[in-house]
Amino acid sequence: MNKKSYDNVTHFYGQIWIWTAIVLLLCVPISICIYYNAWPGMAPVLEGLLGVAPIFWTVGTIEVITYTPMLGTAGSYLGFVTGNLTNLKVPSALNAMENAKVKSQTEEGEVISTIAIATSSIVTTIIIAAGVLLLAQLAPILNSPTLKPAFENILPALFGGLAVVYVSKNWKISLTPLIFMVVLFLLVPSLAGSVGILVPVGSIISIIAARILYKKKLL
Amino acid sequence: MKFDPNGSFLYLVAVIIILFVIAQSLFFLIRAYKRAGVIGMDMKQVRKTIISTTIFTIAPAVSILLGVVTLSKFLGLPLPWIRLSVIGAITYELPAASTTANALGVSLSETISDPKAYSAIAWVMTLGIMPSIVLVPILLKRIQKGIFSIKNKDAKWGDLFITAMFLGMISAFLGMVFSDVRSGLVGWIPIFVLLFSALLMGVCGILVKVCKIKWLQNYALPISMLGAMAFAVVITPLIG
């Protein structure tokens, strides 16, 4: 099977899996309504949706446009079903491709990214399932005040290491978006809750900076 | 049927969803692994990818489990288990649950007992994040076509374009770490953690490149992340 037909078949299977996932996900609230004969009516659902949909529909759309080129074909079909993209699946895929010295949008990159995202999804699902089964035993550890700072700081702990790998290799491109984001968050700290929306802003600034440097033959 | 947010029916639904997620992951894992062999990739590196990703995933997965525990106090275990195993993240599920609960006048401080409120929350959690899954099968091919045409016109610029996208994402999260600095020294903790993680990654880089400890390369990110999390445990009581 050549690269193109492999990719086409991946799309075919991906579409089947993701549409099945969508149907299954919709079946969760439907089955709850049927089993408990508890139909909530439109009003409370719409009221709840009004509180979250404007921001999360925007973030969701942005994530699809921003992350699919990084995750590859199978990685996107899988990663967007299993979720936790920013804090887990995207860093997993990037780190795996970096270590294997392959690039995204190549067949090798596609394979490594898929393997990383699938492995990460399986491990996460098993850990959560084990945690649910052993909750009584694990609760004191999970709720321990000593460990709390570790989990509160998981994003800086993750992105500090990741930044060294990417920023050091591409410091000329990184400088402009990095300075912009640091200044922005210093000036408007409340934006920390909307970081998902700022990802494409950072990407656009970064792409413009890269284009200017490239045109001036500085890259 | 008497409603119980920890009832066996809900656990059954959760198990079906979890099995589906594992089946989909295994399907793509096996397919990609076989493809790696067909195109002559270094299978040792492929296996290393699996091991290093497993180690890297443990800490964030435990953090996701903490989200399940947080939500379970209000929603019982099965629904948070489903939501955080599929699509969801605590940053979305918690506001979705609390907004709907507030709209219905239900308290978040005790376990939910009203099945209608529970099903409303399940609907909002499901519908409120739908675009991120529905748009993938609709847009993915078009996005890839766009990237392909950029690469086709100028291969070097195509690579730089993708790299710039990565860097934009990393910049946003690095910038976010600075959002608390105005709250005093406590607000600097995330920055110290970030710098410590960067330092550990730098040390790993030196050990790989200068001391030729090649195996470390695959484990550098989990080491820097776990090391920095341990650092956060040590410095937080000292500063806070």
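Since the model is a prediction, treat every value here as computed from it, not as a measurement. Throughout this document, residue positions are counted from 1 along each chain, in the order its sequence is written. Lettering for chains starts from A, numbering for ligands starts from 1, and both go in the order in which the items are written. In view of the model being predicted, local features appear only for residues whose pLDDT reaches at least 70, and side-chain atom pairs are presented and counted only at 80 or more, with totals across whole chains, interfaces and linings using the full set of residues.

Draft legend 1. Representation of the overall build of chain B in the model. Secondary structure summary: chain B contains nine helices and zero strands in total. Counting from the N terminus, the helices are the DSSP runs of H or I reaching at least four residues and the strands are the DSSP runs of E reaching at least two. Starting at the N terminus and ending at the C terminus, chain B contains elements arranged as α-α-α-α-α-α-α-α-α. Our radius of gyration looks at C-alpha atoms and nothing else; its globule reference is 2.2 Å times the residue count to the power 0.38. Here the C-alpha atoms of chain B give a radius of gyration of 22 Å, more than 25% beyond the 18 Å that 2.2 N^0.38 yields for 240 residues. Projected onto the principal axes, the alpha-carbon positions of chain B cover approximately 65 × 50 × 35 Å. Here exposure depends only on C-beta density: within 10 Å of a residue's C-beta, 20 or more other C-beta atoms make it buried, 12 or fewer make it exposed, and intermediate numbers make it partly exposed, the C-beta atoms being placed from the backbone. Relative to its full complement of 240 residues, chain B shows a buried share of 49%. Expressed as a percentage of contacts within chain B between residues at least 6 apart in sequence, the contacts between residues at least 24 apart total 57%. Think of it this way: build a C-beta for each residue from its backbone, and any pair within 7 Å is a contact.

Draft legend 2. Spotlight on the overall build of chain A. Helix and strand counts for chain A come out as ten helices and zero strands. Expressed along its principal axes, the backbone C-alpha trace of chain A runs to roughly 65 × 50 × 40 Å. Of all 219 residues assigned to chain A, the portion counted as buried reaches 53%. Contacts spanning at least 24 positions in sequence make up 65% of the contacts within chain A whose residues lie at least 6 apart.

Draft legend 3. Quick peek at the domain arrangement of chain B. All names here are of chain B. Domain start and end points were adopted from an automatic or database domain assignment. As far as domains go, chain B holds domain 1 (8-129) and domain 2 (184-240). Its C-alpha centre places domain 1 at a distance of 28 Å from the equivalent point of domain 2. With five residues of domain 1 at the contact, the number on the domain 2 side is seven residues. Classification used: nonpolar for Ala, Val, Leu, Ile, Met, Phe, Trp, Tyr, Cys and Pro, charged for Asp, Glu, Lys and Arg, polar for all others including Gly. Residue composition of the side of domain 1 that touches domain 2, grouped by class: three nonpolar, one polar and one charged.

Draft legend 4. Examining the nonpolar core more closely. All names here are of chain B. A set of buried Ala, Val, Leu, Ile, Met, Phe, Trp, Tyr and Cys residues, joined through C-beta atoms within 7 Å, is what we mean by a nonpolar core. Ile121, Val124 and Ile170 are the most contacted members of the largest nonpolar core, which totals 141 residues. In terms of residue count, helix α7 (residues 155-176) provides more of this core than any other element does, twelve residues in total. When residues are assigned to domains, this core turns out to be shared by domain 1 (8-129) and domain 2 (184-240), each giving three or more. Setting aside chain neighbours within four positions, we find Ile121 in contact with Leu75, Ala97, Thr100 and Ala101.

Draft legend 5. Looking closely at the interface of chain A and chain B. Listed as interface residues are 126 residues of chain A and, on the opposing side, 129 residues of chain B. Counting residues per element, the side of chain A that touches chain B draws most heavily on helix α5 (residues 107-133) of chain A, which supplies 20 residues. Of the residues assigned to the side of chain A that touches chain B, the class counts are 85 nonpolar, 36 polar and five charged.

Draft legend 6. Fine view of the environment of Ala130(A). Residues and elements named next belong to chain A. On the secondary structure map, Ala130 appears in helix α5. The exposure class assigned to Ala130 is partly exposed, which follows from the 13 C-beta atoms found within 10 Å. A C-alpha to C-alpha distance of 29 Å links Ala130 and Met97, two positions 33 residues apart in sequence.

Draft legend 7. Structural detail: the packing of helix α3 (residues 73-82) of chain A against α5(A). Residues and elements named next belong to chain A. To get an axis, fit a line to the C-alpha atoms, keeping to the stretch in contact for a helix; angles then go from 0 to 180 degrees between the N-to-C directions. Where α3 meets α5, the closest approach of the two axes is 8 Å, and the angle between their N-to-C directions is 20°. If you check the angle between α3 and α5, you find them roughly parallel. Crossing hand, α3 versus α5: left-handed. Contacts between α3 and α5 involve Thr73, Ala74, Gly75, Leu78, Gly79 and Thr82 on the former and, on the latter, Glu110, Ser113, Thr114, Ile117, Ala118 and Ser121. Orientation categories follow fixed angle ranges, with anything under 35 degrees roughly parallel, anything over 145 roughly antiparallel, 65 to 115 roughly perpendicular, and all other angles oblique. Handedness of each helix crossing follows the sense of rotation of the near helix against the far helix: counterclockwise by less than a right angle gives left-handed, clockwise gives right-handed.

Draft legend 8. Quick peek at helix α1 (residues 8-38) of chain B. Helix length check: α1(B), at 31 residues, gives a terminal C-alpha distance of 45 Å against a target of 45 Å (1.5 Å per residue), a fit within 8%. The set of residues buried in α1(B) consists of Leu10(B), Val13(B), Ala14(B), Ile17(B), Val21(B), Gln24(B), Ser25(B), Phe28(B), Leu29(B), Ala32(B), Arg35(B) and Ala36(B). Taken together, the buried residues of α1(B) touch α1 (3-35), α3 and α5 of chain A together with α2 (43-75) and α3 (78-85) of chain B. Note on α1(B): the residue one or two positions beyond its end, Gly40(B), has a positive phi of about 75°. For a helix, the expected span equals 1.5 Å multiplied by the residue count minus one.

Draft legend 9. Geometry of the confidence of the model for chain B. All names here are of chain B. When pLDDT is averaged across chain B, the result is 92; 100% of the residues are at 70 or more. The predictor rates its confidence in each residue with pLDDT, a number between 0 and 100. Of all helices and strands in chain B, the one with the weakest mean pLDDT is helix α4 (residues 90-104) (84), whereas α1 scores best (97). This complex was scored by the predictor with a pTM of 0.89 and an ipTM of 0.89.

Draft legend 10. Local environment of unusual backbone geometry. Residue and element names in this part refer to chain A. Phi at Gln105 is positive, roughly 70°, even though this residue is not glycine. Assignment of secondary structure puts Gln105 in the loop between α4 (85-99) and α5. Judged by the 20 C-beta atoms lying within 10 Å of it, Gln105 falls in the buried class. One non-glycine residue, Lys217, lies in the positive phi region at around 55°. On the secondary structure map, Lys217 appears in the segment after α10 (195-215).

Draft legend 11. Broad picture of the environment of Leu226(B). Tracing the backbone through its elements, the reader meets Leu226(B) in helix α9 (residues 220-239). On a C-alpha basis, the gap between Leu226(B) and Ala59(B) in space is 7.3 Å, while along the polypeptide they are 167 residues apart.

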